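Residue strings, one per chain:
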Amino acid sequence: MSATPSIRNRLFSVIAVVVGGLLFFCPVLLAADSFKVGGVFSITGPASFLGDPEKKSMEMVVDAINSAGGIDGRMLEAVIYDTEGDPQRAVNAVSKLINRDGVIAIIGPSLTPTTLAVKNLVESAKIPLISCAAGIQITQPVTPWVFKTAQSDVMAVATVYRHIQKSGLKTVGLLSVANAFGESGKQQLEEQAAAFGLQVVAAEKFGDKDSDMTAQLTKIRKAAPDAVVCWGTNPGPAVVAKNFGQLGLEMPLYQSHGVASPKFIELAGSAAEGIFLPTGKILVAGLLPADDPQKAVLTNFIEQFESRFQMPVSGFGGYAYDAMQILAKALVGTDGDTEKLRANLEQVTGHVGVSGVFNFSPQDHNGLGADAFVMVRIKNGTWELIQE
Amino acid sequence: MQELLQYLFSGITNGAIYAVIAVGFAVLFNATELINFAHGEFVMLGALGMVTLYSSLQLPLTLAFLLTTVGVSCVGFLFERFAIRTVKRPEPIVLVIITVGASIFLRGVGMLGWGKDAFSVDPFSTHPPFSIAGAHLLPQSLWILVIVLGAVVGLHLFFNRSLTGKAMLACAISRRAAWLVGIPTGRMVQLAFVLSAAMGAVAGIIIAPVTMCSYDMGTLLGLKGFCAAMLGGLGSLWGGVLGGFLLGVLEALGVGFLSSSLKDAIAFVLLLLILYVRPAGLLGARKVQRF
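Quick caveat: nothing in here was measured; it's all calculated off a predicted structure. (Residues numbered from 1 in each chain as written. Chains lettered and ligands numbered in written order. Predicted model: local features only at pLDDT ≥ 70, side-chain atom pairs only at ≥ 80, totals over all residues. Heavy atoms only, no water.)

(A) Molecular detail of the interface of chain A and chain B. Contacts between chain A and chain B engage 28 residues on the former and 33 residues on the latter. With both sides pooled, the region where chain A packs onto chain B buries about 2,600 Å², and carbon together with sulfur makes up 53% of that total. Per-residue buried area on chain A facing chain B is highest for K209, S211 and Q246 of chain A; these three make up 20% of the total on that side. The interface formed by chain A and chain B holds 1 salt bridge in total. Residue D216 of chain B pairs with K209 of chain A through a salt bridge whose shortest N-O separation is 3.5 Å. (Contact = heavy atoms within 4.5 Å. Buried area = accessible area lost by both parts, 1.4 Å probe. Salt bridge = Lys/Arg side-chain N within 4 Å of Asp/Glu carboxyl O.)

(B) A look at empty space enclosed by the protein. Residues and elements named next belong to chain A. Going through the model one piece at a time under the given rule, you end up with 4 cavities of 30 Å³ or more. As a volume, the largest cavity reaches approximately 140 Å³. For the largest cavity, the lining is made up of 13 residues, of which T279, G280, I282, G315 and Y319 are closest to its centre. Elements that contribute at least two residues to the lining of the largest cavity include exactly β10 (276–280) and α11 (315–331). Looking at the lining of the largest cavity, the element that brings in the most residues is α11, giving 3 residues. (1 Å grid on protein atoms, 1.4 Å probe; cavity = no way out; pocket = protein on both sides within 12 Å on 5 of 7 lines; lining within 4 Å. Points joined across faces, edges and corners; volume = space filled by probe spheres on them. Helix = DSSP H or I, 4+ residues; strand = E, 2+ residues; numbered from the N terminus.)

(C) Structural context of the nonpolar core. L76, I107, Y161, I164, V229, F264 and M324 of chain A are the most contacted members of the largest nonpolar core, which has 108 residues in total. It is α11 of chain A that provides the largest number of residues to this core, a total of 11 residues. The residues contacting M324 of chain A, other than those within four sequence positions of it, are V37, M58, V61, V62, L76 and I107 of chain A. Within the second largest apolar cluster, 85 residues are counted, among which are A38, V152, M217 and L234 of chain B. (Core = buried A, V, L, I, M, F, W, Y, C linked by side-chain atoms within 4.5 Å. Buried < 20%, exposed > 50% of the residue type's maximum accessible area, 1.4 Å probe, protein only.)

(D) Layout of helix α2 (residues 48–67) of chain A. Compared with an ideal rise of 1.5 Å per residue, which puts 20 residues at 28 Å, α2 of chain A spans 28 Å between its outermost C-alpha atoms and is within 8% of the ideal. Within two residues after α2 of chain A, G69 of chain A carries a phi angle of roughly 105°, on the positive side. (Expected span 1.5 Å × (residues − 1).)

(E) Focus on the packing of helix α5 (residues 139–161) of chain B against helix α6 (residues 163–173) of chain B. Residues and elements named next belong to chain B. Where α5 contacts α6, the two axes come as close as 5 Å, and the packing angle between them is 80°. Our classification of the angle between α5 and α6 gives roughly perpendicular. In this structure, α5 contributes F158, F159, N160 and R161 to the contact, and α6 contributes L163, T164, G165, K166, M168 and L169. Partitioned by chemical class, the residues of the contact of α5 with α6 number 5 nonpolar, 3 polar and 2 charged. (Axes fitted to C-alpha atoms, helices over the stretch in contact; angles between N-to-C directions. Parallel < 35°, antiparallel > 145°, perpendicular 65-115°, else oblique. Nonpolar A, V, L, I, M, F, W, Y, C, P; charged D, E, K, R; others polar.)

(F) Spatial organisation of a nonpolar patch on the surface. Residues and elements named next belong to chain B. A grouping of V153, L157, W238, L242 and L283 is seen on the molecular surface, where their side chains present a nonpolar patch of about 400 Å² in accessible area. Contributing elements (two or more residues each) for the nonpolar patch: α5 and α10 (237–257). Note on placement: L242 falls in helix α10. (Patch = residues over 30% accessible without salt bridge, like charges linked within 9 Å, V, L, I, M, F, W, Y side chains within 5 Å. Areas by Shrake-Rupley, 256 points an atom, 1.4 Å probe, with all protein chains shown as cover.)

(G) Just the packing of aromatic side chains, in detail. Residues and elements named next belong to chain A. Enumeration over the complete set of coordinates arrives at 18 aromatic pairs over all chains. With centroids separated by 5.4 Å and ring planes inclined at 75°, the aromatic side chains of F49 and F316 adopt a geometry described as edge-to-face. Highlighted residues: F49 in helix α2 and F316 in helix α11, separated in sequence by 267 residues. Note on F49: relative accessible area 30%, which makes it partly exposed. Accessibility expressed as a relative area gives 10% for F316, which makes it buried. Considering the side-chain rings of F305 and F309, the 4.9 Å spacing of their centres and the 55° angle between planes classify their relative orientation as tilted. (Phe/Tyr/Trp six-rings, centres within 6.5 Å; stacked < 30°, edge-to-face > 60°.)

(H) Representation of the layout of surface pockets within the structure. Computed from the structure, the second largest pocket encloses a volume of approximately 670 Å³. Along its surface, the second largest pocket is lined by 35 residues, and K242, Q246, A268, S270 and A271 of chain A are the ones closest to its centre. Counting only elements with at least two residues in the lining of the second largest pocket, the list comes to α8 (236–246) and α9 (262–268) of chain A together with α2 (39–56), β1 (119–120) and α5 of chain B. The element that contributes the greatest number of residues to the lining of the second largest pocket is α8 of chain A, accounting for 5 residues.

(I) Representation of the confidence of the model for chain A in the model. Within chain A, residue pLDDT values average 88, and 91% of them lie at 70 or more. Confidence drops under pLDDT 50 across residues 26–31 of chain A; counting only partners more than four residues distant or on other chains, this segment forms 4 contacts. (pLDDT = per-residue confidence, 0-100.)

(J) Helix α9 (residues 218–232) of chain B, seen in detail. All names here are of chain B. Here α9 contains 15 residues, and its C-alpha end-to-end distance of 21 Å stays within 8% of the 21 Å for a straight helix at 1.5 Å per residue. Taking burial as the measure, the 15 residues of α9 include 12 buried ones, the bulk of the element. Buried residues of α9: G218, L221, G222, K224, G225, F226, C227, A228, A229, M230, L231 and G232, and no others. Where α9 is buried, its residues touch α1 (2–32), α2, α8 (185–207), α10 and α11 (263–277).

(K) Structural view of the side chain of T149 of chain A. Residues and elements named next belong to chain A. Tracing the chain through its elements places T149 in the loop between β5 (146–148) and α5 (153–166). A polar atom in the side chain of T149 sits 2.8 Å from the backbone oxygen of Y319. Ignoring any residue separated from it by four or fewer positions in sequence, one finds T149 in contact with I130, S131, C132, Y319, D322, A323, I326, S355, F358, N366 and L368. (Polar contact = N/O pair within 3.5 Å; in protein donor to acceptor, adjacent residues only side chain to side chain.)

(L) Spatial organisation of the pattern of salt bridges. All names here are of chain A. Tallying each qualifying case throughout the model produces 20 salt bridges over all chains. With a closest N to O distance of 3.6 Å, K55 and E59 form a salt bridge. Here the residue K55 and the residue E59 both occupy positions in helix α2, the gap between them amounting to 4 residues, near one helical turn. Overall, E59 belongs to the partly exposed group, its relative accessible area being 25%. Overlapping salt bridges, with partners in common, bring together E84, D86 and R89 in one network.

(M) Quick look at the environment of K55 of chain A. All names here are of chain A. What makes K55 partly exposed here is its relative accessible area of 24%. As a C-alpha pair, K55 and K186 span 131 residues in sequence and 29 Å in three-dimensional space. Look past the residues within four positions of K55 in its chain and what remains in contact with it is F41, I43 and I80.

(N) Layout of the side chain of S57 of chain A. Summarising the element assignment, S57 of chain A is placed in helix α2. Not counting the four nearest positions on each side in its chain, S57 of chain A is found in contact with F301, F305, G317, G318, A320 and Y321 of chain A.

As structure tokens, then:
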């Protein structure tokens, strides 16, 4: 009789192993005939204005592709995690996607710092990543597995400077937020100034939680520039716009594409009037001339997004929308082979997206040209397209 | 000269806000020896309260002001009643950690209640900025100064002239002795929380029109206010005021004459310096003179 318990024990352990194994492998077996695509966005936290529409847009594209029959007859499955805008969480989410979920590609993260934090991870795991962040450091220098769909601040700075140059102005004062977005913008603003015949006479910074920028603007006023360029994301630049008016400064004020949303006009109120800023075309889709190549794509995206989510569209969702569309295009015929997928991504050219016309190449993993931005001016509480 | 004046205006405005936050810290520290790290969140609630009552519901200014202050005081009251008083062994470190937890909780409440976006609030008066020797002074800055000074003088009178205020002061000096002479010390502690929360609310209300209000605005303001309180001497009413103005003006001058990237560093370097040279703060040398 003494053998019985031990047999029973062995039986139990065999069952446990089988059940455990089934539980463990089942999802993989079931999912084998769909393409798993990861998404990492800052869905909550301070940068939720980016991550939330990005997540929604990605899901929207995935659903649209699946209802049209998937890719090569295989469905797409999106696995999306929240980074809360925190680089450490982004790293955790990406390694979870790679090691546990076994995704074949990743879309996101939403921010430059979070993207840079996961860059090495995807490079060593050899998983293609299409970031939705703007920082130029993401794709310059080019690394094999990292792509991005958001316009770089290089192009935004060029668009702003071109407008300043055309207006016949010579000197600029810079005011940038003390975070990655502002630093990267400031660097570009300083580097590109000479190419447009401009001189930077003042460069000040403000913290992204600062409540008053009068002191910085006073210092800029002393340097008497022909134009002031403020580089930041909400809400700081709205405070700058208010303080600018309160100090009675008269030179033109330029803001970055970081505040290109109706929220900025709402925050700055009447102080927003007359401000110039570069933006992706989505903000002014209705104002674009009919022959603009992006007009149809933009109208379609806006209609889809607004009817599904019942909330106003922002350009940020477009980054994930483009990324998912491009990924779907490159997935065709790869059978889930990441090396082929990567090679295909580099071949995508002439893709008309929300953020611009993408022409990827082994040397260019962003694929956008200077036409991705247009200049707008805020007039009567809305945008006015400035024709080049 | 014009610049210097402008820096001073900017510094005094910010300083007044730091001052009233610091006073909130002082009031509470006096009665309880507790540093409330959720104090910045009361500021946030005050500002967001104004967003709802003044901007959205369009209530008259005084009514919105009063309702917000009362509302946030109630939050302070509930905080004391349910988070602080229920602690079985109220050791300082436990209580401080509770306040840190409360700050995270309140921020979460703010996020759920008002969303993640920032809001702006109209200034109290639409008068254009005053121009003094080429420098511009906002009408809102005057509002801030008047309200802050009013609040601090009111508190000063309360502590020195009213029986309740004196009873609270007695609590601050020795809670046991106060209890022995029949002062309800528990109620005094509660009152300190309410007053402190009200001070936070006032700071939030007056800062709302100058800046953008969002659920996460309180943390940095709370830290700056804490710096100001330490600078002036923790627990000293006028020390907090002095510390606040000093911090605000030094920050503005630092931006003007050194570098704007050093703005936040100035507060914390100053704090370290003060702690090293004069650990009790500028006005906090002798404990008996706390008020």
